[in-house]
Amino acid sequence: MNPAMNPWTRTFENALIAHVKSLVPVRGVLTEATLYALETPGKRIRPRLVEEASQLVSLASRPSRLLQFAVELIHSFSLVHDDLPCMDDDDFRREQPTVHKKFGEAQALLVGDLLFQLGMQTMLQASSQLAPQDFIRGAQFFTSSIGVAGLIGGQSTEFEKLGDKMTDKELLTIQDQKTSALFRASIITPFYWMGIGESDALFQDAINFASAFGFAFQIADDLEDAEQDGKAGTKNILSIYGADQARLMARTRLVECRLAKNFSATDLLLEKLCEQA
Ligand code: GRG
C-alpha cells in the first residue's frame, strides 16, 4: 500500500498546506517554492508517529496537530538542504525535480530556512495549550533532536568523516543522529507535553521503540538504495553486518519493543524489510 494514498495522510496534507498558507500570507517565489517542497508526495511517517504517540498519552488534538506540522516542516527543511549541490546534489526527490532544480539554488537555501522557521513557529503555537513546564521540556527535547546531537550534527559529522576511515561506532552514531533523532522527537515530545518523563516505564518503552524504529528505518532505506543503485563501497549498516543479518536485527529489535503494535508504521517497515528479503 502506498501510505501517501491513505485518508489520514490526505487529511494531514490538506491541513498542513492550509496551516502554512495561514502563516505565510505574502505570495511570491519563496512561498511558491516552499509549498512545492511540501506538496510533493511524502510518506508523512513522522507526523503519523506523533498522532499515535499522542493517542497513547492522551495529548489533545490541537497541540498534537501542531507538533505533526512542526515535525514535517523540519523534516522538509532537511530534505531541501540535503538535496543541494553542496550536500547530496540530487536532481530528483519523490520522483519530482528537487527545489533547487526548479527554483534555483539561492531560493532552495531560503526555502529550507523558511521551513525551519515555520517549524519552530508552529511548535511554539502549542505552548498556549500546555502546562508551561511540560511544554518547555518537550520543546527542549524537540529542538535538541535537530541540533548538534541531532540531524544537523549528524549531517556535519558525516561530511567531516567523508573519505576518512569511519569506525562502526561512529557510523552508528551518525545514523542515530541523522535518522533516529527526529523519530524520537516525534514520539517523545507528546510524552513530555503530558508531563510523562524519564522515571516512567512507558517513557522508557517509547524511547526503546523510537530508537529501534530509527535503526530499522535506516536499514530499510539502505536496502532500497542498494537495490536501486548499488552504491558499493559506501559505508553503511549493511556493510557492517551484511544485508541478511542487518534485516534480521532490524526486524527482531522492532518486534521485541513493547509498543511496536501501537504504531501503524511498524507494519509498513516490517513489510519493507520482508519485501527486500
Ligand atoms: C540538516 C541538511 C540537513 C540534513 C539532515 C535528514 C538528513 C540529514 C538528510 C536527509 C537524507 C537522508 C538520507 C536522511 C536519512 C533519513 C531519511 C531516509 C529521510 C527520508 O525520509 P522519508 O523516507 O522521506 O520519510 P519522505 O519523502 O517519505 O518524507
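Anyway, here's the lowdown on the structure attached to this text. Note that the structure is predicted; figures quoted are calculated from it, not measured. (Residues numbered from 1 in each chain as written. Predicted model: local features only at pLDDT ≥ 70, side-chain atom pairs only at ≥ 80, totals over all residues. Heavy atoms only, no water.)

1. Focus on the overall build of the protein chain
Of the regular secondary structure elements, the protein chain holds 13 helices and two strands. For 277 residues, the compact-globule formula gives about 19 Å, and the C-alpha radius of gyration of the protein chain, at 18 Å, lands near that figure. Principal-axis analysis of the C-alpha atoms places the extent of the protein chain at approximately 50 × 50 × 35 Å. Taking contacts inside the protein chain between residues at least 6 apart in sequence as the whole, the part at least 24 apart equals 73%. Taken as a whole, the protein chain presents about 13100 Å² of accessible surface, with 53% of it coming from carbon and sulfur. (Helix = DSSP H or I, 4+ residues; strand = E, 2+ residues; numbered from the N terminus. Rg over C-alpha atoms; globule rule 2.2 N^0.38 Å. Contact = heavy atoms within 4.5 Å. Areas by Shrake-Rupley, 256 points an atom, 1.4 Å probe, with all protein chains shown as cover.)

2. Some details on the environment of Arg-27
Mapping Arg-27 onto the fold places it in the loop between helix H1 (7–23) and helix H2 (29–39). Only 2.7 Å separates the side chain of Arg-27 from the backbone oxygen of Val-24, close enough to count as a polar contact. (Polar contact = N/O pair within 3.5 Å; in protein donor to acceptor, adjacent residues only side chain to side chain.)

3. Digging into the packing of helix H4 (residues 61–83) against helix H6 (residues 105–125)
Contact geometry of H4 with H6 gives a least axis separation of 8 Å together with a crossing angle of 165°. Here H4 lies roughly antiparallel to H6, going by the angle between them. Once H4 is placed against H6, the crossing between them reads as left-handed. Among the residues forming the contact of H4 with H6, the class breakdown is 15 nonpolar, six polar and one charged. (Axes fitted to C-alpha atoms, helices over the stretch in contact; angles between N-to-C directions. Parallel < 35°, antiparallel > 145°, perpendicular 65-115°, else oblique. Left-handed = near helix turned anticlockwise from the far one by under 90°. Nonpolar A, V, L, I, M, F, W, Y, C, P; charged D, E, K, R; others polar.)

4. Considering the site of the ligand
Around the ligand, the structure places 17 residues, and the nearest of them are Lys-43, Arg-46, His-75, Asp-82 and Arg-94. One of the side-chain nitrogen or oxygen atoms of Arg-46 is found 2.8 Å away from an oxygen atom of the ligand. A distance of 2.7 Å is found between an oxygen atom of the ligand and a side-chain nitrogen or oxygen belonging to His-75. Protein burial of the ligand: of its 710 Å² of free accessible surface, 90% is covered by the chains. Elements with a contribution of two residues or more to the shell around the ligand: H4, helix H8 (151–161), helix H9 (168–193) and helix H10 (201–229). (Near = heavy atom within 4 Å.)

5. Some details on the packing of H8 against H9
Their axes nearest at 7 Å, the elements H8 and H9 cross at an angle of 150°. Viewed along their axes, H8 and H9 adopt a mutual orientation that is roughly antiparallel. For the pair H8 and H9, the sense of crossing is left-handed. Mapping the contact onto sequence places Leu-151, Gly-153, Gly-154, Gln-155, Thr-157, Glu-158 and Lys-161 in H8 and Glu-170, Ile-174, Gln-177, Lys-178 and Leu-182 in H9. Per-class residue counts for the contact of H8 with H9 are three nonpolar, five polar and four charged.

6. Some thoughts on the pattern of salt bridges
Per the counting criterion, the structure on display carries 15 salt bridges. Here Asp-168 ties to Lys-235 by a salt bridge, and the two come within 2.7 Å at their closest N and O atoms. You can see Asp-168 sitting in helix H9 and its partner Lys-235 sitting in the loop between H10 and helix H11 (237–241), a full 67 residues away along the chain. Linking Asp-244 and Arg-247 is a salt bridge whose minimum nitrogen-to-oxygen distance equals 3.1 Å. Of this pair, Asp-244 and Arg-247 both sit in helix H12 (residues 243–255), three residues apart, which is roughly one turn of that helix. Given a relative accessible area of 60%, Asp-244 falls into the exposed group. Through salt bridges with shared partners, a single network forms among Glu-13, Arg-44, Glu-72 and Arg-94. (Salt bridge = Lys/Arg side-chain N within 4 Å of Asp/Glu carboxyl O. Buried < 20%, exposed > 50% of the residue type's maximum accessible area, 1.4 Å probe, protein only.)

Any functional reading would require information beyond the geometric quantities listed.
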